[in-house]
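Descriptive structure summary
Below are the chains, spelled out letter by letter.
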Amino acid sequence: MFKKIFTLIISIVLLSSINANTVRACSLTCDFSEYTATNAAIRSAVMPGWGQRWNEQKTKGWIVFGVFAATVFGTFYYLNKSEGDYRSYERLGARNSSYYDDYERDLNTSRIFGVLAVATWVYAVVDAYLVADKKSQEYVSNKFNVDVYGRDGVMVTYKTRFSI
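Residues numbered from 1 in each chain as written. Predicted model: local features only at pLDDT ≥ 70, side-chain atom pairs only at ≥ 80, totals over all residues. Heavy atoms only, no water.

Comments concerning the packing of aromatic side chains
- According to the stated counting rule, one finds 8 aromatic pairs in the structure shown.
- On the numbers, 6.4 Å between centres and 80° between planes, the contact of W62 with F65 is edge-to-face. Of this pair, W62 and F65 both sit in helix α4 (residues 58-92), 3 residues apart, which is roughly one turn of that helix.
- A relative accessible area of 31% means that F65 is categorised as partly exposed.
- Taking the centre distance of 5.1 Å and the plane angle of 85° together, the rings of Y77 and Y78 count as edge-to-face.
- Under the relative-accessibility criterion, Y77 is labelled partly exposed at 42%.
- Sitting above the plane of the W50 ring, R43 keeps its charged end 5.2 Å from the centroid. (Phe/Tyr/Trp six-rings, centres within 6.5 Å; stacked < 30°, edge-to-face > 60°. Helix = DSSP H or I, 4+ residues; strand = E, 2+ residues; numbered from the N terminus. Buried < 20%, exposed > 50% of the residue type's maximum accessible area, 1.4 Å probe, protein only. Lys NZ or Arg CZ within 6 Å of the ring centre and 35° of its normal.)

Pasting the structure below:
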């Protein structure tokens, strides 16, 4: 299920970044250096927290990445543990064994962690997109600004964004 959701979101993000000028002779060109909401969302789709970092939210990016990593680890840990419990249950062969209860509990815990991992991942993509969209609108409207201070002088500001 996780693979299907991941594939669907990646496909939607990639298809939303394609416009008529991008597709030529069956080739796809994507520019990820420009500061856009789509680029931030793609970064978070690749690795949760990267889009927040792209939006200059370092702490939020580390928190999102940490929560995602912990939930993915918990998913696989409890899934592996439930498989071990089920093998012990089969080996013992007793119908009312506590191993089967352990198996069910660990499997359910694994599913909960999996849902939390997917929810964190979706949150990261949506949050990165919305924050970047808001920032890019501010960036465009405030790129070049001239302030006149009466007879005291003029202040000219120019804002640009670059990535390393």
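Some words on the pattern of salt bridges
- Tallying each qualifying case throughout the model produces 4 salt bridges.
- Residue D127 pairs with K60 through a salt bridge whose shortest N-O separation is 3.2 Å. A residue pair is termed long-range when its members are at least 10 positions apart, and D127 in helix α5 (residues 98-141) and K60 in helix α4 qualify at 67 residues.
- Judged by its relative accessible area of 11%, D127 is buried.
- Between D102 and R105 there is a salt bridge, with its nearest N and O atoms 3.2 Å apart. Of this pair, D102 and R105 both sit in helix α5, 3 residues apart, which is roughly one turn of that helix.
- Accessibility expressed as a relative area gives 21% for D102, which makes it partly exposed.
- Exposure remark for R105: the relative accessible area of 45% places this residue in the partly exposed category.
- Each of the salt bridges in this network shares a partner with another, and the network as a whole consists of K81, D102, R105 and D106. (Salt bridge = Lys/Arg side-chain N within 4 Å of Asp/Glu carboxyl O.)

Some remarks on helix α2 (residues 37-46)
- Of all 10 residues making up α2, 9 are buried, and the element is well covered by its neighbours.
- Where α2 is concerned, the buried positions are A37, T38, N39, A40, A41, I42, R43, S44 and A45.

Considerations on the environment of T120
- Of note, T120 is situated in helix α5.
- You can call T120 buried: its relative accessible area is 12%.
- Put simply, T120 and V67 are 53 residues apart on the chain and 7.3 Å apart in space, counted from C-alpha to C-alpha.

Considerations on the confidence of the model for the protein
- In the predicted model, the protein carries a mean pLDDT of 78, and 63% of its residues have values of at least 70.
- Mean pLDDT across the elements of the protein ranges from a minimum in strand β1 (residues 23-24), with 48, to a maximum in α4, with 92.
- Confidence over residues 22-26 falls short of pLDDT 50; this stretch has 5 contacts with residues more than four positions distant or in other chains. (pLDDT = per-residue confidence, 0-100. Contact = heavy atoms within 4.5 Å.)

Here we look at a nonpolar patch on the surface
- A surface patch of nonpolar side chains, amounting to about 550 Å² of accessible area, comprises V46, M47, W50, W62 and F65.
- With a relative accessible area of 64%, W62 lands in the exposed category. (Patch = residues over 30% accessible without salt bridge, like charges linked within 9 Å, V, L, I, M, F, W, Y side chains within 5 Å. Areas by Shrake-Rupley, 256 points an atom, 1.4 Å probe, with all protein chains shown as cover.)

Notes on the side chain of D85
- Structurally, the position occupied by D85 is in helix α4.
- Of the buried charged residues, D85 lacks a salt bridge, with K81 as the closest side chain of opposite charge at 5.3 Å.
- Apart from residues no more than four positions distant in its own chain, D85 is found in contact with Y99, D102, Y103 and D106. (Lys, Arg positive; Asp, Glu negative; His and termini not counted.)

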